[in-house]
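So you can see what is in the structure, the chains are spelled out below.
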Amino acid sequence: MLSALEQYDPQIFELLTQEKARQSGSIRMIASENYVSKAVMQATGSCLTNKYAEGYPGKRYYEGQQVTDLIETIAIDRAKKVFGADHANVQSYSGSVANVAAYSTLINPGDMIMGLSLVNGGHLTHGWKASFTSKVYNSVQYSVDPQTGLFDYGQIEEFAKKHRPKIIISGATAYPRQIDFEIFGEIAKRVGAYHVSDIAHISGLVVAGIHKSPVPYADIVSTTTHKTLRGPRGGMLLCKAEHAAAMDRAVFPGLQGGPHMHTVTAIAVALAEADTPEFVQYARQIVANAKRLGEKLMEHGFNLVSGGTDNHLLLIDLRNKGVAGKKFAKALDRARIVTNYNTVPGDTAPPFNPSGVRLGTPAVTTRGMKEPEMEMIAGFFKRVIEHIDDESVIEQVARESLLLCSRFPVPDHFIIPRDGSHGAGRD
Ligand SMILES: *Cc1c(COP(=O)(O)O)cnc(C)c1O
């Protein structure tokens, strides 16, 4: 029987089929990507896509909210529980919008924000020059130490004292180590700034207790819901009670109209999944995989920024290899290993052709890969870099990658058991 999509729009159906094949037939190592569970996928594709729900539970601007109020309240309560936060807002359309809402809760246009620069691992919305955030706000940007690739908290404090920002942003898009959110909070206090922490990448690790949480030390915590947290594409904000009303107003009506209730629904499901021992085990394995992959890559002569990883991501510095990041990422893609090229600390190459490659383990870990598979993948990296101009070797690696993928099928039907039930079932 033809599905409705296949029947109505065969062209789009065919393209989706191709994408599904690509996702299952490649080793996906983009650090921000994952595979969601069947339950999350069902909630995302549910009838809530049909519903307008401007406002918040109990105070909406449209009728017919008998169900949406209940669902959003569940999502908020689960978010507060797993993160230990006073208040949560689950309506942000994405991590980028969540950040803008966080800033506009606390400061006015023209005030100063201080974030990690994009080329040092920060996000666009932390005040990078191409971002709206640097046009609305006066932005100053700190760096990591170009030698170690690590935060130098003393230097960050000096920088903050010099510029006196109204907000200091902690958190990153490409930082492979633990971040000391407590110190960021102290620095912010000392200079009279608010502390906004953006844990878009690591929120799954934070929920699992594997990375230190910024919740006690930040005025507002922002996150995406689709990276290590393994929920639908979306954003979420957590804050101290004193900012709750202002933060809700900043999201709606300040920045957004109707919330995407199908996404809010799927966030609720993902938060239930994250609140299980299975998820903690998953998060542990993400980090164990990243560590093993890093060790093996270093054995193969790759330099890693900061010499390793504490989390889900690795940054390879290719400057000792004489191969540009883009060239390597493209060769890996032909070998069915999907990464992204990335700047490395102290990079003098331009951002569109930088000297590094970023990779992460959340998606392959969801497929069930463990340390032995990480060793295999590190071996693929070695062969690709050593034979970067030899298409026959790259094709051979692609065949082996596909074989590995076939042993770890995409778990688009995996189910995380709820409390008390048994065993991580997969079909
Ligand atoms: C991914 C990311 C975001 C943006 O999330 P989108 O959902 O893509 O808008 C924000 N901050 C950080 C640190 C990120 O890594």
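Residues numbered from 1 in each chain as written. Predicted model: local features only at pLDDT ≥ 70, side-chain atom pairs only at ≥ 80, totals over all residues. Heavy atoms only, no water.

For the rest of this paragraph, the subject is the overall build of the protein. Looking only at helices and strands, the protein has 16 helices and 15 strands in total. Taken against the 2.2 N^0.38 rule, which gives 22 Å for 427 residues, the C-alpha radius of gyration of the protein at 22 Å falls within 12% of a compact globule. Along the first, second and third principal axes, the C-alpha set of the protein runs to 65 × 60 × 40 Å. Relative to its 427 residues, the protein shows a buried fraction of 55%. Across the protein, the fraction of contacts at a sequence separation of at least 24, relative to all contacts at a separation of at least 6, is 71%. Accessible surface, the protein as shown: approximately 18,100 Å² in total, 55% of it carbon and sulfur. (Helix = DSSP H or I, 4+ residues; strand = E, 2+ residues; numbered from the N terminus. Rg over C-alpha atoms; globule rule 2.2 N^0.38 Å. Buried < 20%, exposed > 50% of the residue type's maximum accessible area, 1.4 Å probe, protein only. Contact = heavy atoms within 4.5 Å. Areas by Shrake-Rupley, 256 points an atom, 1.4 Å probe, with all protein chains shown as cover.)

This part covers the site of the ligand. Around the ligand sit 13 residues, and of these Ser96, Thr173, Asp198, His201 and Lys227 come closest. At 3.0 Å, a side-chain N or O of serine 94 approaches an oxygen atom of the ligand. Between serine 96 and the ligand, the recorded distance is 2.6 Å, taken from a side-chain N or O atom to an oxygen atom. In isolation the ligand exposes 390 Å². Once the protein is present, 87% of that is buried. For the shell around the ligand, the element with the highest residue contribution is helix 5 (residues 95-106), accounting for 3 residues. Classifying every residue of the shell around the ligand gives 2 nonpolar, 9 polar and 2 charged. (Near = heavy atom within 4 Å. Polar contact = N/O pair within 3.5 Å; in protein donor to acceptor, adjacent residues only side chain to side chain. Nonpolar A, V, L, I, M, F, W, Y, C, P; charged D, E, K, R; others polar.)

The next point concerns the domain arrangement of the protein. Domain boundaries assigned for the protein yield domain 1 (21-35 + 280-407) and domain 2 (51-274). Contacts between the two partners involve 29 residues from domain 1, matched on the other side by 24 residues from domain 2. Interface area, domain 1 with domain 2, both sides summed: about 2,100 Å², of which 61% is carbon and sulfur. Taken as a group, Ser306, Asp310 and Pro345 account for 24% of the area that domain 1 buries against domain 2, more than any other trio of residues on that side. Run the count over domain 1 and domain 2 and you get 1 salt bridge. A salt bridge links arginine 177 to aspartate 310; the shortest N-O distance between them is 2.8 Å. Seen at the junction of domain 1 and domain 2, the total is 12 residue pairs in polar contact (both at pLDDT 80 or more). If you list the elements that add at least two residues to the side of domain 1 that touches domain 2, you get helix 12 (277-299), strand 12 (313-317) and helix 14 (362-366). It is helix 12 that provides the largest number of residues to the side of domain 1 that touches domain 2, a total of 6 residues. Of the residues assigned to the side of domain 1 that touches domain 2, the class counts are 14 nonpolar, 12 polar and 3 charged. (Domains from an automatic or database assignment. Buried area = accessible area lost by both parts, 1.4 Å probe. Salt bridge = Lys/Arg side-chain N within 4 Å of Asp/Glu carboxyl O.)

Looking now at the sheet that holds strand 12. Across the sheet, which stays open at both edges, the 4 strands sit in the order 11-12-15-14 with antiparallel pairing between neighbours. Each end of this open sheet is capped by a strand with a single partner; those strands are strand 11 (303-304) and strand 14 (340-342). Two strands pair when backbone bridges link them, and strand 11 and strand 12 are joined in this way by 2 bridges, in the antiparallel orientation. In the strand pairing of strand 12, asparagine 303 is matched with aspartate 317. (Pairing = 2+ DSSP bridges.)

Okay, the sheet that holds strand 8 (residues 194-198) next. Spatial strand order, 4-10-9-8-7-5-6: 7 strands in an open sheet with mixed pairing. Only two strands of the sheet have a single neighbouring strand rather than two, namely strand 4 (87-89) and strand 6 (138-142). Across the sheet, the axes of successive neighbouring strands diverge by a mean angle of 20°, strand direction being ignored. In the sheet, strand 5 (residues 112-116) pairs with strand 7 (residues 167-170) via 2 bridges, with the strands oriented parallel. Bridge pairing links isoleucine 113 to isoleucine 167 in strand 7. In the packing of helix 5 onto the sheet, the strands contacted are strand 5, strand 7, strand 8, strand 9 (220-224) and strand 10 (235-239), and the crossing angle to strand 9 comes to about 165°. Lying on the sheet, helix 10 (residues 244-251) is in contact with strand 4, strand 9 and strand 10; it crosses strand 4 at an angle near 0°. (Axes fitted to C-alpha atoms, helices over the stretch in contact; angles between N-to-C directions.)

This part covers the pattern of salt bridges. Applying the stated criterion to the full structure yields 22 salt bridges. Of the charged contacts in the structure, one is a salt bridge between arginine 334 and glutamate 391, with a shortest N-O distance of 2.8 Å. Here the residue arginine 334 occupies a position in helix 13 (residues 325-334), and glutamate 391 occupies one in helix 16 (residues 391-407), the gap between them amounting to 57 residues. Through salt bridges with shared partners, a single ionic network connects Glu157, Lys161, Glu186 and Arg190.

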